[in-house]
Amino acid sequence: MSSPAFTWHHPPPQGAPWNGRSDGAPPIDPPEGTAVSEEDYWAYYYEHENGYEWNNGLLEVKPVSDTLTLQRYRWLLRLLECYLETHRNARLTCLEFGFRLNLPNKVTIRKPDLGLVLDSNAQPLEDLDRSYQGIFDLCVEALSDSKPSEIARDTEQKHAEYQAAGVPEYYIIHHDPRWLLFYRRNASGLYEPIPCQDGILRSAVVPGFRFRLADLTRQPSLEAMIEDPVYAPFVLPSWQRDRQARAQAEQRADTAEQRANTAERLAERERAEKAALLAELARLRGE
């Protein structure tokens, strides 16, 4: 069953039982683990303020990450936005934007904290979509460590689901290096850690996208990154070109001014030499 996106369903007739309620109304704030059908999830809980995901018939609440982790996530998001402003080869989704994973053993609906769809993906992300009908090319989760089960959800459960669904790259962001994890699917369809050379992680899925792992903590500014050879190719290159053009124009102006000053000095010298010659001729005539 493909997700109906936002084709809303009418509730059952008044008086018909719904999830144990005799008044026919859906539960307003069901706890995690409540059993609901996929149809009812899309109709009542996909846009719920609790941010529910759906795991094989059960509601799951997305946990909240701590401030340090969110800072690292936002820096990575900003870097990806800079990349896309330059390359314009993909689209991003954030937070409450879900996609359906039809797995061999179950069906889940997940809402990655960040999803990326390349323009080359067989299923484009359309302007009016409110859920993605395909499989993301990159998923990013900002890990919550409030409970061991929350850690396991991203590092084990979603790891297995995204791997089986065919998400090519999966990043887990956290302030603790133990939970800072980056995976890509290999030729066998299994996730393996992305190799990090010289402290730089390079995406094999998003062409040319890369970052220093240490910069997730340092979080350099745009002004610093445009001077950095790691980021300069895709962080505000138009600004860099404008700056270079201004520098070249100033250099040309300086050169022209220097030539003018040199010509003025030569002319002044010629005038002085001519005046001296005329004075010498007048003296000789006088003698």
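Scroll up a little and you will see the structure.
Given the structure is predicted, the values throughout are model-derived calculations rather than measurements.

Each value, and the rule that gives it
Residues numbered from 1 in each chain as written. Predicted model: local features only at pLDDT ≥ 70, side-chain atom pairs only at ≥ 80, totals over all residues. Heavy atoms only, no water. Helix = DSSP H or I, 4+ residues; strand = E, 2+ residues; numbered from the N terminus. Buried < 20%, exposed > 50% of the residue type's maximum accessible area, 1.4 Å probe, protein only. Contact = heavy atoms within 4.5 Å. Areas by Shrake-Rupley, 256 points an atom, 1.4 Å probe, with all protein chains shown as cover. Phe/Tyr/Trp six-rings, centres within 6.5 Å; stacked < 30°, edge-to-face > 60°. Lys NZ or Arg CZ within 6 Å of the ring centre and 35° of its normal. Pairing = 2+ DSSP bridges. Salt bridge = Lys/Arg side-chain N within 4 Å of Asp/Glu carboxyl O. Core = buried A, V, L, I, M, F, W, Y, C linked by side-chain atoms within 4.5 Å. 1 Å grid on protein atoms, 1.4 Å probe; cavity = no way out; pocket = protein on both sides within 12 Å on 5 of 7 lines; lining within 4 Å. Points joined across faces, edges and corners; volume = space filled by probe spheres on them. Nonpolar A, V, L, I, M, F, W, Y, C, P; charged D, E, K, R; others polar.

J.: Any details on the overall build of the chain? Residues and values, ideally.
T.: Across its full length, the chain carries six helices and 14 strands. The buried share of the chain, reckoned over its 287 residues, is 43%. Considering only contacts in the chain between residues 6 or more positions apart, those separated by 24 or more positions represent 56%. Split by element, the accessible area of the chain, about 15,800 Å² in all, is 53% carbon and sulfur.

J.: Please give an account of the packing of aromatic side chains that cites residues and values.
T.: Centre distance and the angle of the planes are the two values used to describe a pair of aromatic rings. Taken as a whole, this structure holds 21 aromatic pairs when the rule is applied. Aromatic pair Trp-75 and Tyr-231: ring centres 6.1 Å apart, planes at 85°, arrangement edge-to-face. With Trp-75 in helix 2 (residues 67–87) and Tyr-231 in the loop between helix 5 (222–225) and helix 6 (237–286), this pair connects stretches of sequence that are 156 residues apart. In this structure, Trp-75 and Tyr-231 share a single accessibility class: buried. Site record: aromatic cluster; members linked through ring pairs are Trp-75, Tyr-83, Tyr-171, Phe-182, Phe-209, Phe-211, Tyr-231 and Phe-234. Lys-111 extends its terminal NZ or CZ atom over the ring of Tyr-46, reaching a point 4.8 Å from the ring centre.

J.: Pulling in residues and values, what's your account of the pairing of strand 8 (residues 138–142)?
T.: In terms of residue burial, strand 8 counts as a mostly covered element, since five of its five residues are buried. Because side chains alternate across strand 8, one face comprises the buried residues Leu-138, Val-140 and Ala-142, and the other comprises Cys-139 and Glu-141, equally buried. With three bridges connecting them, strand 6 (residues 114–118) and strand 8 associate as antiparallel partners. Bridged to Leu-114 within strand 8 is Val-140. In this structure, strand 8 lies alongside strand 9 (residues 169–173), joined through five bridges in parallel fashion.

J.: Can you break down the pattern of salt bridges residue by residue, with the values?
T.: All told, the structure shown has 22 salt bridges when counted by the stated rule. In this structure, the salt-bridge partner of Lys-62 is Asp-113, at a minimum N-O distance of 3.4 Å. Of the two residues, Lys-62 is situated in the loop between strand 2 (58–61) and helix 2 and Asp-113 in the loop between strand 5 (107–110) and strand 6; the sequence distance between them amounts to 51 residues. A relative accessible area of 9% places Asp-113 in the buried class. Across the pair Arg-271 and Glu-268 runs a salt bridge, and its minimum N-O distance is 2.5 Å. Here Arg-271 and its partner Glu-268 are both found in helix 6, three residues apart, which amounts to about one turn of the helix. Relative accessible area serves as the criterion here: at 44%, Arg-271 is assigned to the partly exposed category. Owing to a relative accessible area of 43%, Glu-268 belongs among the partly exposed residues under this scheme. Each of the salt bridges in this network shares a partner with another, and the network as a whole consists of Glu-32, Glu-53, Glu-60, Lys-62, Lys-106, Arg-110, Asp-113, Glu-141, Arg-153, Asp-154, Lys-158 and Glu-161.

J.: Got a sec to walk through the sheet that holds strand 13 (residues 200–202)? Specific residues and values, please.
T.: Here three strands make up an open sheet; going across it, the order is 12-13-14 and the pairing antiparallel. The open sheet has two edge strands with one neighbour each: strand 12 (196–197) and strand 14 (210–212).

J.: Could you give an account of the nonpolar core, with specific residues and numbers?
T.: Ranked by internal contacts, the top residues of the largest apolar core, which has 34 residues, are Leu-79, Tyr-171, Phe-209, Phe-211, Tyr-231 and Val-235. For this core, the elements supplying multiple residues, two or more each, are helix 2, strand 6, strand 8, strand 9, strand 13 and helix 5. Among the elements that take part in this core, helix 2 stands out by supplying nine residues, more than any other. Grouped together as the second largest cluster of nonpolar side chains are 18 residues, Phe-97, Val-117, Tyr-132 and Val-167 included.

J.: Account for the layout of surface pockets, naming residues and giving values.
T.: To find leftover empty space, one rolls a probe the size of a water molecule over the atoms. Approximately 340 Å³ is the volume attributed to the largest pocket. Lining the largest pocket are 19 residues, and of these Lys-62, Pro-63, Val-64, Leu-95 and Asp-113 lie nearest its centre. Contributing elements (two or more residues each) for the lining of the largest pocket: helix 2, strand 8 and helix 3 (148–165). If you tally residues by element for the lining of the largest pocket, the top one is helix 3, at four residues. The residue inventory of the lining of the largest pocket, partitioned by class, reads six nonpolar, four polar and nine charged.

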